[in-house]
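Summary of the model geometry
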Amino acid sequence: MIVTVGHTKGGVGKTTVALNIAIARALNGRDVWLIDGDRQGTAQTAISIRADRNPGISCATYPDGHVLRSQLQQQVQKFDDVVIDAGGRDSTALRAALTLSDVLVVPFQPRSFDVWSLSQIASLIDEARAVREGLRVYAVLNCADPGEASTDNIEAAEAVKDFPQIDMLLQPLRRRKAYANAAGQGLSVLELKPADRKACDELITLVECIFNTNSTLKGV
Ligand SMILES: Nc1ncnc2c1ncn2[C@@H]1O[C@H](COP(=O)(O)OP(=O)(O)O)[C@@H](O)[C@H]1O
Ligand SMILES: [Mg+2]
């Protein structure tokens, strides 16, 4: 399956989410290719840091949309899953990725500015669906306030309702140091020690929703 993690906005957690999804799938025995579509190469750097660690994740950086598209077409058969971190602007990489993806995951944060920026991605989705029928699109609330009583998710779900192109996944990722600490070491929260169980549970549920699978992921 080809999953793009994308948004026209920077700093919403695209790289963090892409890295965690890619590693979670690899921990589940899948051959995973992570494509970094951002010139800044943050995902590629994270993978380099874990170079000696299992599971290994193949990674390439293709900020140019044309190159990304043709490399993806040539090599997709070699992998079980491809996860694309599509960069922070309305980039050619994001557009190219969308025309070949099965799923677009859109992380966004619980502030109105981020909610408004969903309208930008909604136009890109319309464009992509003209050539990629069946592209599924999931908005995921990231950096939600910790604490069960938070109304963030309810408000966000309401906002996403304005965009029929986008489904809201009910599992948010909350603001937890574990996500930042893990990514800084090239790890997923499933590999971090000591483990943050809540972060692990959030990620496992998120991955199951995205890949629509009930298989158990190994938390370490
Ligand atoms: N759920 C989270 N909890 C805590 N920190 C997070 C979370 N998601 C992302 N971050 C932090 O927010 C910053 C931006 O995340 P990043 O994944 O680099 O965003 P993007 O790729 O969209 O620019 C990073 O410092 C990252 O560690
Ligand atoms: Mg990034």
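Residues numbered from 1 in each chain as written. Chains lettered and ligands numbered in written order. Predicted model: local features only at pLDDT ≥ 70, side-chain atom pairs only at ≥ 80, totals over all residues. Heavy atoms only, no water.

Along the chain, the regular secondary structure elements total 9 helices and 8 strands. Here the chain has a C-alpha radius of gyration of 16 Å; the compact-globule value for 220 residues is 17 Å, and the two agree. Its C-alpha atoms give the chain principal-axis dimensions of about 45 × 45 × 30 Å. Considering the chain as a whole, with its 220 residues, one finds that 56% of them fall into the buried category. When contacts within the chain are restricted to residue pairs at least 6 apart in sequence, those whose partners lie at least 24 apart make up 78%. When the accessible area of the chain is evaluated, it comes to approximately 9900 Å², of which 48% is carbon and sulfur surface. (Helix = DSSP H or I, 4+ residues; strand = E, 2+ residues; numbered from the N terminus. Rg over C-alpha atoms; globule rule 2.2 N^0.38 Å. Buried < 20%, exposed > 50% of the residue type's maximum accessible area, 1.4 Å probe, protein only. Contact = heavy atoms within 4.5 Å. Areas by Shrake-Rupley, 256 points an atom, 1.4 Å probe, with all protein chains shown as cover.)

All of the buried residues in helix 3 (residues 65-75) are Gly65, Leu68, Gln71, Leu72 and Gln75. For helix 3, the buried positions fall inside an angular range of 135° around the axis, keeping them on one side. In this structure, helix 3 carries His66 and Gln74 as exposed residues pointing more than 90 degrees from its buried face. Those residues of helix 3 that are buried are in contact with strand 1 (2-5), strand 2 (32-36), strand 4 (81-85) and helix 4 (92-98). Between the side-chain oxygen at the start of helix 3 and the backbone nitrogen of His66 there is a gap of 3.0 Å, and the oxygen is on Asp64. (Arc of directions from axis to C-beta. Polar contact = N/O pair within 3.5 Å; in protein donor to acceptor, adjacent residues only side chain to side chain.)

It is worth spelling out the site of ligand 1 at this point. Surrounding ligand 1, one finds 14 residues, the nearest of these being Gly11, Lys14, Thr15, Thr16 and Asn142. In this structure, an oxygen atom belonging to ligand 1 sits 2.6 Å away from a side-chain N or O atom of Thr16. For ligand 1, a nitrogen atom lies 3.0 Å from a polar atom in the backbone of Arg176. When ligand 1 is considered free in solution it has 560 Å² of accessible area, and contact with the protein chains removes 72% of it. Breaking the shell around ligand 1 down by element, the ones donating at least two residues are helix 1 (14-27), strand 6 (136-144) and helix 8 (177-184). The leading source of residues in the shell around ligand 1 is helix 1, at 3 residues. (Near = heavy atom within 4 Å.)

Position of Ala86 among the secondary structure elements: in the loop between strand 4 and helix 4. Assessed through its relative accessible area of 1%, Ala86 is described here as buried. The contact partners of Ala86, leaving out residues within four places of it in the chain, are Thr4, Val5, Gly6, Gly37, Ser91, Ala93 and Leu94.

The next subject is the packing of aromatic side chains. All told, the structure shown has 2 aromatic pairs when counted by the stated rule. Where Trp33 meets Tyr62, the ring centres are 6.3 Å apart and the plane angle is 85°; that geometry is what we call edge-to-face. Pair noted here: Trp33 is in strand 2 and Tyr62 is in the loop between strand 3 (58-61) and helix 3, with a separation of 29 residues, a long-range link. Under the relative-accessibility criterion, Trp33 is labelled buried at 3%. Ring pairs connect the aromatic residues Trp33, Tyr62 and Phe79, which therefore count as one cluster. Positioned over the ring face of Phe211 is Arg25, at 3.7 Å from the centre of the ring. (Phe/Tyr/Trp six-rings, centres within 6.5 Å; stacked < 30°, edge-to-face > 60°. Lys NZ or Arg CZ within 6 Å of the ring centre and 35° of its normal.)

The subject of this paragraph is the environment of Arg95. Following the sequence through the fold, Arg95 ends up in helix 4. Counting along the chain gives 85 residues from Arg95 to Gly10, while the straight-line C-alpha distance between them is 16 Å.

Turning to the nonpolar core, a few remarks are in order. Counting 40 residues, the largest nonpolar core has Ile21, Leu34, Val83, Val105 and Ile210 as its most contacted members. For this core, the elements supplying multiple residues, two or more each, are strand 1, helix 1, strand 2, helix 2 (42-49), strand 5 (103-108), strand 6, helix 8 and helix 9 (197-211). When residues of this core are assigned to their parent elements, the largest contribution, 9 residues, is made by helix 1. Formed by 36 residues, the second largest nonpolar core is a distinct cluster that contains Ile84, Val137, Ala139 and Phe163. (Core = buried A, V, L, I, M, F, W, Y, C linked by side-chain atoms within 4.5 Å.)

With that out of the way, let us pick up the pairing of strand 5. For strand 5, the tally of buried residues reaches 6 of 6 residues, placing the bulk of the element in the interior. As paired elements, strand 1 and strand 5 share 3 bridges and run parallel to each other. By the bridge assignment for strand 5, Thr4 is matched with Leu104. Across 6 bridges, the pairing between strand 5 and strand 6 is parallel. (Pairing = 2+ DSSP bridges.)

Within strand 6, 7 of the 9 residues are buried, leaving the element largely enclosed by the surrounding structure. Judged from the 2 bridges that link them, strand 6 and strand 7 (residues 167-168) form a sheet pairing that is parallel. Across the sheet, Tyr138 pairs through a bridge with Asp167, a residue of strand 7.

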